[in-house]
Amino acid sequence: MESAIKEKYMSTVEIENLVVEFKTDDDIVKAVNGVNLKVERGKTLGLVGETGAGKTTTALSILRLIPNPPGIIKEGKITLDGHNLFDYTEDEMDKIRGNKVSMIFQDPMTSLNPVITVGEQIAEGIQIHQNLNKSEAMKKAEEMLELVGIQKERATEYPHQFSGGMKQRVVIAIALSCNPQLLIADEPTTALDVTIQAQVLELMKNLREKYNTSMIMITHDLGIVAEVCDEVSIMYAGKIVEHGNLEDIFENTKHPYTEGLFNSLPNIEDRKSMLKPIKGLMPDPTNLPKGCAFHPRCIYAKEICSKREPVVTQLSDTHYVCCLAYENTEVKINGGGLIE
Amino acid sequence: MFKYILKRFLMVIPVIIGVSFLVYFIISLTPGDPVKMMLGEEASEESIQEVRDELGLDKPIIVQYFKYISKLVRGDLGVSYRSKRPVLGEIVARFPITLKLTFWSMLVAIIIAVPLGIISATKQYTLTDSICSVAALIGAAVPNFWYGLMLIIWFSLGLGWFPSGGYEGIKSMVLPSITLGTTAAAIITRMTRSSMLEVVRQDYIRTAKAKGVNKKVVIRKHALRNALIPIVTVVGLQFGHMLGGMVLTETVFSIPGMGRLMVDSIKSKDTPMVLGCIITLATVFSLVNLCIDILYAFIDPRIKSVYK
């Protein structure tokens, strides 16, 4: 028994060359184009990128919840405990969802079923995965509610009787109810106001320490990354363009896109300075640019960037980047702004 | 909740007044003289005048109407011109047959429609879905009376399984219930399908799946209840539609229900009977819709909280 528990928390999740496409009537939307990720036990990985970069799609692939049709997982492998999740049947997946891997969804307003009491919604997963009867599961659900700071008496209430922040805490309680070994948090604080954001993050950090849960934190907020993550993957147009630990990414930024993200942040020390947003928009995923997908927006881009796709350049044991500037080409980047 | 029900209950009154007003005037505008129909073409001018006086038909229509309403308030629906018997008695005798038929038809409709709609939605764009959609389209397009006649030809005259008409127990209800039920089923199927399709795309369905809830349970427990409001609404509306459809179906299957009573009364310009029938139908329809509104509260707790 003990070894089984130990094994549960020893494992890692590993994504290899994941490709996810959405087929519409006339187009193929390439949402994820060969993503590689690895999360070690007890560690938190930040998955950062703009809206539409493929972060949520990557996360949903782990749970095999990509809506099909239109979405299909075209290629790749996702292993948990060394088992390929894509080999499992739907029934076997149901034993993993909510139990070994669970997810906190982006929008708490729509993530809870409006006609089922909050307590029941938490108890449901517990009842399925822990072989408890209904009243035992309900009791556990009440404990979960208290854990996320909601009085247990409110378990019989419906989602519309809760505020947004409380709903998000209920969503978190659902996700944590079976002590998952991997918790995917998809922008868990985006829908919340700042004071509640801090509370929710604190809560998640505490729980991670208590249960040694691995986490994938999907966000576009670099502040949250700095606060809770151990490693960061920067995602752009369905690919990881830079990956490293916090120090690599924050102190030793390499990819022009990552640099752009940092430049887009307001600078509190220089309040008069203008924001420097990345120019242009995320490319149309049905029609990705040739070569490096970021080159139309990249201030360092050279001709070669529109012709050749960059490959992974390993900069250190922990840090890699996917940019032609690090592949002995004519493209030059000089730490923070200079061209050539 | 109780206050809400009471309020809605009181709203039935203006509905009845409005309906009776409209019907009274429409009947008075139709050609033909009820007294002549009662007494026959050869009746003398004096006897006609005598009956007119007796029935108050020589007074202005508005006066007649108010007289009718003041009696209605006291629960008096008047006396049939044709049979000379109280309208209320005849309706009480015949309406239960119609109501029973409506009930069975609705049962047939729901039993066919809801599962078909769910299957269509969960298997969207597959062959199963297309077959269900085409079947529903045919069901909605085929006229009731023709369909009823076809059923009589096949199952009654051909196979001899069910009586072709009349009202003798449950067996005589089968063909008319199927006739009325399948038409309603067609519409309820479409509504169930579209409502389910909308619900299964919601985030909370994804949340349920992410909890590891079995797909079938997700549909049954999480999706169906949320999809139910539009379905229940359409069931309520179809109920009214069915009561109207009775006129044809009861004629085709020669069932002595209120639909036929109404047709016969209209033909003979039996104003009190027509009014009595229509007011009964309007009241029942209003009450059914009230029940549907109350049902909403039990389906969706958000609506319940608004009713308070």
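In case you missed it, the structure is sitting above this.
All values derive from a computational prediction rather than experimental measurement. (Residues numbered from 1 in each chain as written. Chains lettered and ligands numbered in written order. Predicted model: local features only at pLDDT ≥ 70, side-chain atom pairs only at ≥ 80, totals over all residues. Heavy atoms only, no water.)

## Digging into the pattern of salt bridges
Residues and elements named next belong to chain A.
Turning to step 1, where the next piece is worked out: All told, the structure shown has 18 salt bridges over all chains when counted by the stated rule.
Turning to step 2, where the next piece is worked out: Across the salt bridge formed by Arg-308 and Glu-327, the nearest N and O atoms sit 2.1 Å from each other. Here Glu-327 lies in the loop between strand 12 (320–321) and strand 13 (333–334) and Arg-308 lies in the loop between helix 11 (256–263) and strand 11 (313–314), a separation of 19 residues in the sequence.
Turning to step 3, where the next piece is worked out: Connected through salt bridges with shared partners, the residues Arg-64, Glu-90, Asp-94 and Arg-97 form a single ionic network. (Salt bridge = Lys/Arg side-chain N within 4 Å of Asp/Glu carboxyl O. Helix = DSSP H or I, 4+ residues; strand = E, 2+ residues; numbered from the N terminus.)

## Remarks on a negative patch on the surface
Turning to step 1, where the next piece is worked out: A cluster of acidic residues, A:Asp25, A:Asp26, A:Asp27 and A:Asp284, forms a negative patch on the protein surface.
Turning to step 2, where the next piece is worked out: If you trace the backbone, A:Asp26 turns up in the loop between strand 1 (13–23) and strand 2 (28–39). (Patch = residues over 30% accessible without salt bridge, like charges linked within 9 Å, V, L, I, M, F, W, Y side chains within 5 Å. Areas by Shrake-Rupley, 256 points an atom, 1.4 Å probe, with all protein chains shown as cover. Lys, Arg positive; Asp, Glu negative; His and termini not counted. Charge placed at Lys NZ, Arg CZ, Asp CG, Glu CD.)

## Observations regarding the sheet that holds strand 1 of chain A
Residues and elements named next belong to chain A.
Turning to step 1, where the next piece is worked out: Read across the sheet, 4 strands follow the order 2-1-4-5 without closing on themselves; strand pairing throughout is antiparallel. Taken across any chain shown, the strands that pair with only one partner, and hence form the sheet edges, are strand 2 and strand 5 (83–84).
Turning to step 2, where the next piece is worked out: Judged from the 8 bridges that link them, strand 1 and strand 4 (residues 71–80) form a sheet pairing that is antiparallel. Residue pairing in the sheet places Val-20 in a bridge with Ile-73 of strand 4.
Turning to step 3, where the next piece is worked out: This element, helix 2 (residues 55–62), spans strand 1, strand 2 and strand 4 of the sheet and lies at about 115 degrees to strand 1. (Pairing = 2+ DSSP bridges. Contact = heavy atoms within 4.5 Å. Axes fitted to C-alpha atoms, helices over the stretch in contact; angles between N-to-C directions.)

## Topic: the state of the cysteines
Residues and elements named next belong to chain A.
Turning to step 1, where the next piece is worked out: Scanning the model with the defined rule gives 0 disulfides over all chains in all.
Turning to step 2, where the next piece is worked out: Distance from the sulfur of Cys-323, which forms no disulfide, to the nearest cysteine sulfur (Cys-298) is 6.2 Å.
Turning to step 3, where the next piece is worked out: A relative accessible area of 9% places Cys-323 in the buried class. (Disulfide = S-S within 2.5 Å. Buried < 20%, exposed > 50% of the residue type's maximum accessible area, 1.4 Å probe, protein only.)

## Side note on the environment of A:Ile122
Turning to step 1, where the next piece is worked out: One can find A:Ile122 in helix 5 (residues 118–129).
Turning to step 2, where the next piece is worked out: C-alpha separation for the pair A:Ile122 and A:Ser214, spaced 92 residues apart in sequence, amounts to 21 Å.

## Side note on unusual backbone geometry
Turning to step 1, where the next piece is worked out: Positive phi is not limited to glycine here, since A:Arg64 has a value of about 55 degrees.
Turning to step 2, where the next piece is worked out: Summarising the element assignment, A:Arg64 is placed in the loop between helix 2 and strand 4.
Turning to step 3, where the next piece is worked out: At B:Ser254, a position not held by glycine, the phi torsion is positive, near 35 degrees.
Turning to step 4, where the next piece is worked out: Tracing the chain through its elements places B:Ser254 in the loop between helix 11 (215–252) and helix 12 (258–267).
Turning to step 5, where the next piece is worked out: The class of B:Ser254 is partly exposed, set by a relative accessible area of 37%.

## Focus on the interface of chain B and chain A
Turning to step 1, where the next piece is worked out: Listed per partner, the contact involves 20 residues of chain B and 26 residues of chain A.
Turning to step 2, where the next piece is worked out: Surface buried jointly by chain B and chain A totals about 2,100 Å² across both partners, of which 58% is contributed by carbon and sulfur atoms.
Turning to step 3, where the next piece is worked out: When residues of chain B are sorted by the area they lose upon contact with chain A, B:Arg206, B:Ala210 and B:Lys211 head the list and together hold 29% of the total.
Turning to step 4, where the next piece is worked out: At the junction of chain B and chain A, the tally comes to 2 salt bridges.
Turning to step 5, where the next piece is worked out: Residue A:Glu124 is joined to B:Lys211 by a salt bridge in which the shortest nitrogen-to-oxygen separation is 2.9 Å.
Turning to step 6, where the next piece is worked out: Taken together, the links from chain B to chain A amount to 12 residue pairs in polar contact (both at pLDDT 80 or more).
Turning to step 7, where the next piece is worked out: Broken down by element, the residue count for the side of chain B that touches chain A peaks at 6 residues, all from helix 10 (residues 203–210) of chain B.
Turning to step 8, where the next piece is worked out: Partitioned by chemical class, the residues of the side of chain B that touches chain A number 5 nonpolar, 6 polar and 9 charged. (Buried area = accessible area lost by both parts, 1.4 Å probe. Polar contact = N/O pair within 3.5 Å; in protein donor to acceptor, adjacent residues only side chain to side chain. Nonpolar A, V, L, I, M, F, W, Y, C, P; charged D, E, K, R; others polar.)

## Quick look at the layout of surface pockets
Leftover empty space is mapped by rolling, across the atoms, a probe with the size of a water molecule.
Turning to step 1, where the next piece is worked out: Of the volumes computed, that of the largest pocket is approximately 1,400 Å³.
Turning to step 2, where the next piece is worked out: Considering the residues around the largest pocket, the lining is formed by 37 residues, among which A:Pro67, A:Asn68, B:Thr122, B:Lys209 and B:Lys215 are closest to the centre.
Turning to step 3, where the next piece is worked out: When residues of the lining of the largest pocket are traced back to their parent elements, those giving at least two are strand 4 and helix 3 (90–96) of chain A together with helix 6 (87–122), helix 9 (171–200), helix 10 and helix 11 of chain B.
Turning to step 4, where the next piece is worked out: In terms of residues, the lining of the largest pocket owes the most to one element, helix 6 of chain B, which gives 5 residues.
Turning to step 5, where the next piece is worked out: Classifying every residue of the lining of the largest pocket gives 18 nonpolar, 7 polar and 12 charged.
Turning to step 6, where the next piece is worked out: What the second largest pocket holds in volume is close to 480 Å³.
Turning to step 7, where the next piece is worked out: In terms of lining residues, the second largest pocket is bounded by 24 residues, among which B:Leu55, B:Lys71, B:Val79, B:Tyr81 and B:Pro272 are the most central.
Turning to step 8, where the next piece is worked out: Those elements that place two or more of their residues in the lining of the second largest pocket are helix 3 (34–39), helix 4 (45–55), helix 5 (61–73) and helix 13 (271–299) of chain B. (1 Å grid on protein atoms, 1.4 Å probe; cavity = no way out; pocket = protein on both sides within 12 Å on 5 of 7 lines; lining within 4 Å. Points joined across faces, edges and corners; volume = space filled by probe spheres on them.)

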